[in-house]
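Take a look at the letters that make up each chain.
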Amino acid sequence: MTVEIKICMGSACFAKGNMENLEYIKEYIAENNMEAEVSIVGALCENKCEAGPRILINEKEYTNVTKETIKDALDSYKKIINFNQ
Ligand code: FES
């Protein structure tokens, strides 16, 4: 399975936390050896800034994203990846 993380790089989302969230995602992927399965792409502002910071994981939208949100989501994907290996 592949996981695509789209992280809004618009100025509102970035200032509200996606700068830190991006660093956290990179660390999580490296620590869990998920580089082969997970890709990170930047996304433009979609004018949903009030719900930011926004991240999409395999097109599922997460809003008001914190490190905890990311950890919960990536923990779930990690289980599926490990199960399928
Ligand atoms: S900056 Fe992310 S939706 Fe506008």
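Everything numeric here is computed off the predicted structure, so don't read it as measured data.

Visitor: Looking at this structure, how should I read the overall build of the protein chain?
Guide: The helix and strand inventory of the protein chain stands at two helices and four strands. Counting from the amino terminus, the protein chain carries its helices and strands in the arrangement β-α-β-β-β-α. Projected onto its principal axes, the C-alpha positions of the protein chain cover 40 × 20 × 20 Å. Taking all 85 residues of the protein chain together, 24% fall into the buried category. Pairs at least 24 apart in sequence give 74% of the contacts found in the protein chain among residues at least 6 apart.

Visitor: Sorry if this is basic, but what is going on with the environment of T63 here?
Guide: Turning to its location among the elements, T63 is positioned in the loop between β4 (60-62) and α2 (67-83). Given 14 C-beta atoms within a 10 Å radius, T63 is considered partly exposed. For the pair T63 and Y24, spaced 39 residues apart in the sequence, the C-alpha separation amounts to 16 Å. When residues no more than four places from it in sequence are discounted, the contact partners of T63 are A51 and R54.

Visitor: Just checking my understanding: could you explain the pairing of strand β1 (residues 3-8) for this structure?
Guide: Note on strand geometry: in a regular strand, side chains alternate between the two faces of the sheet. Pairing geometry for β1 and strand β2 (residues 38-43), over six bridges, is parallel. Following the sheet pairing, E4 is matched in β2 by S39. After leaving β1, the chain enters helix α1 (residues 11-31) and then returns to the sheet as β2, a path that is right-handed. Sheet topology note: the β1/strand β3 (residues 55-57) ladder contains three bridges and is antiparallel. Pairing of K6 across the sheet is with L56, part of β3.

Visitor: How do you make sense of the nonpolar core when you look at a structure like this?
Guide: The biggest cluster of nonpolar side chains holds 13 residues, and the ones touching the most others in it are I5, I55 and I70. Counting residues per element, the ones that place at least two in this core are β1, α1, β3 and α2. In contact with I55, other than residues within four places in its own chain, are I5, K6, I7, C8, N21, Y62 and V65.

Visitor: When you look at α1 in this model, what are you seeing that I'm missing?
Guide: It helps to recall that an α-helix has 3.6 residues per turn; residues three or four apart then point in one direction. For α1, with 21 residues, the first-to-last C-alpha span of 28 Å sits near the 30 Å given by 1.5 Å per residue. Bending of α1 peaks at approximately 70° at the position of G17. All of the buried residues along α1 are C13, K16, N18, N21, I25 and I29. In this fold, the buried residues of α1 make contact with β1, β2, β3 and α2. Looking at the residues trailing α1, positive phi occurs at N33, about 50°.

About the criteria used
- Residues numbered from 1 in each chain as written.
- Predicted model: local features only at pLDDT ≥ 70, side-chain atom pairs only at ≥ 80, totals over all residues.
- Helix = DSSP H or I, 4+ residues; strand = E, 2+ residues; numbered from the N terminus.
- Buried ≥ 20, exposed ≤ 12 C-beta atoms within 10 Å, placed from the backbone.
- Contact = placed C-beta atoms within 7 Å.
- Pairing = 2+ DSSP bridges.
- Right-handed = clockwise from strand over helix to strand, strands pointing away.
- Core = buried A, V, L, I, M, F, W, Y, C linked by C-beta atoms within 7 Å.
- Expected span 1.5 Å × (residues − 1).
- Bend = angle between axes of the 7 residues up to and from the residue.

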